[in-house]
Amino acid sequence: MLEAINEGIEIESEKTGEKRKPITGKQVGRILTEIGISGTANKIMSTISDSVETDTTPKNEKTTKSPAKK
């Protein structure tokens, strides 16, 4: 959890140019206590889902050609 949160902070810092300090294990523990472990897992999954754009076109979709007329 600690590494994932700090990675997110680092990515956000790169995007905004604002330097934020990484959090400590103690701070992660407080976050988990405040919102609960299951709430944390749900929030992480929701955040990941929201941040990933999906493409509705299958990547391996083959195009079919009409047979050549003789």
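Note that residues are indexed from 1 along each chain, following the sequence as it is written. Per-residue local features of the predicted model are confined to residues with pLDDT of at least 70, and side-chain atom pairs are confined, for both listing and counting, to 80 or more; whole-chain, interface and lining totals are unaffected and use all residues. Excluded from the side-chain calculation are hydrogens and water; included are all heavy atoms of the structure.

**Q** Residue-level account of the overall build of the protein chain, with values.
**A** Numbering of helices and strands runs from the N terminus, with a helix taken as a DSSP run of H or I at least four residues long and a strand as a DSSP run of E at least two residues long. Along its length, the protein chain carries three helices and zero strands. For the protein chain, the N- to C-terminal ordering of α and β elements is α-α-α. Whether a residue is buried, partly exposed or exposed follows from its accessible area with a 1.4 Å probe, protein chains only, as a fraction of its type maximum: under 20%, in between, or over 50%, in that order. Taken over 70 residues, the protein chain has a buried fraction of 9%. Looking at the protein chain as shown, the accessible area adds up to about 6800 Å², and 54% of this sits on carbon and sulfur atoms. Note that accessible areas follow from Shrake-Rupley with a 1.4 Å probe, and for residues the cover is restricted to the protein chains shown.

**Q** Residues and numbers for a nonpolar patch on the surface, please.
**A** A patch is a set of surface residues, each over 30% in relative accessible area and not in a salt bridge, joined within 9 Å for like charges and within 5 Å for the nonpolar side chains Val, Leu, Ile, Met, Phe, Trp and Tyr. Any carboxyl oxygen of Asp or Glu that lies within 4 Å of a side-chain nitrogen of Lys or Arg is treated as forming a salt bridge with it. Residues Met1, Ile44, Met45, Ile48 and Val52 make up a contiguous nonpolar surface patch of about 440 Å² in total accessible area. Its location among the elements puts Val52 in the segment after helix 3 (37–51). Relative accessible area serves as the criterion here: at 45%, Val52 is assigned to the partly exposed category.

**Q** I'd like a description of the confidence of the model for the protein chain, backed by residues and values.
**A** Within a predicted model, pLDDT stands for the predictor's per-residue confidence, ranging from 0 to 100. Of the residues in the protein chain, 74% have a pLDDT of 70 or more, and the chain-wide mean is 80. Taken element by element, the predicted model of the protein chain shows its lowest mean pLDDT in helix 3 (79) and its highest in helix 1 (residues 2–16) (90).

**Q** Now, about the layout of surface pockets: what can you tell me, with residues and values included?
**A** By rolling a water-sized probe across the atoms, one finds the places where empty space is left. Here the largest pocket is characterised by a volume of approximately 430 Å³. Whether a set of points on the 1 Å grid over the protein atoms alone is a cavity depends on a 1.4 Å probe fitting there but being unable to get out, while an open set qualifies as a pocket with protein on both sides within 12 Å along at least five of seven lines; lining residues are those with an atom within 4 Å of a point. As for the largest pocket, its lining consists of 13 residues, of which Ala4, Ile5, Lys43, Ile44 and Thr47 are closest to the centre. For the lining of the largest pocket, the elements supplying multiple residues, two or more each, are helix 1, helix 2 (25–35) and helix 3. Sort the elements by how many residues they give to the lining of the largest pocket and helix 3 lands first, with six residues. Classifying every residue of the lining of the largest pocket gives nine nonpolar, three polar and one charged. Grid points are joined across faces, edges and corners, and a volume is the space filled by probe spheres set on the points. Each residue is assigned to one of three groups, with Ala, Val, Leu, Ile, Met, Phe, Trp, Tyr, Cys and Pro labelled nonpolar, Asp, Glu, Lys and Arg labelled charged, and all others, Gly among them, labelled polar.

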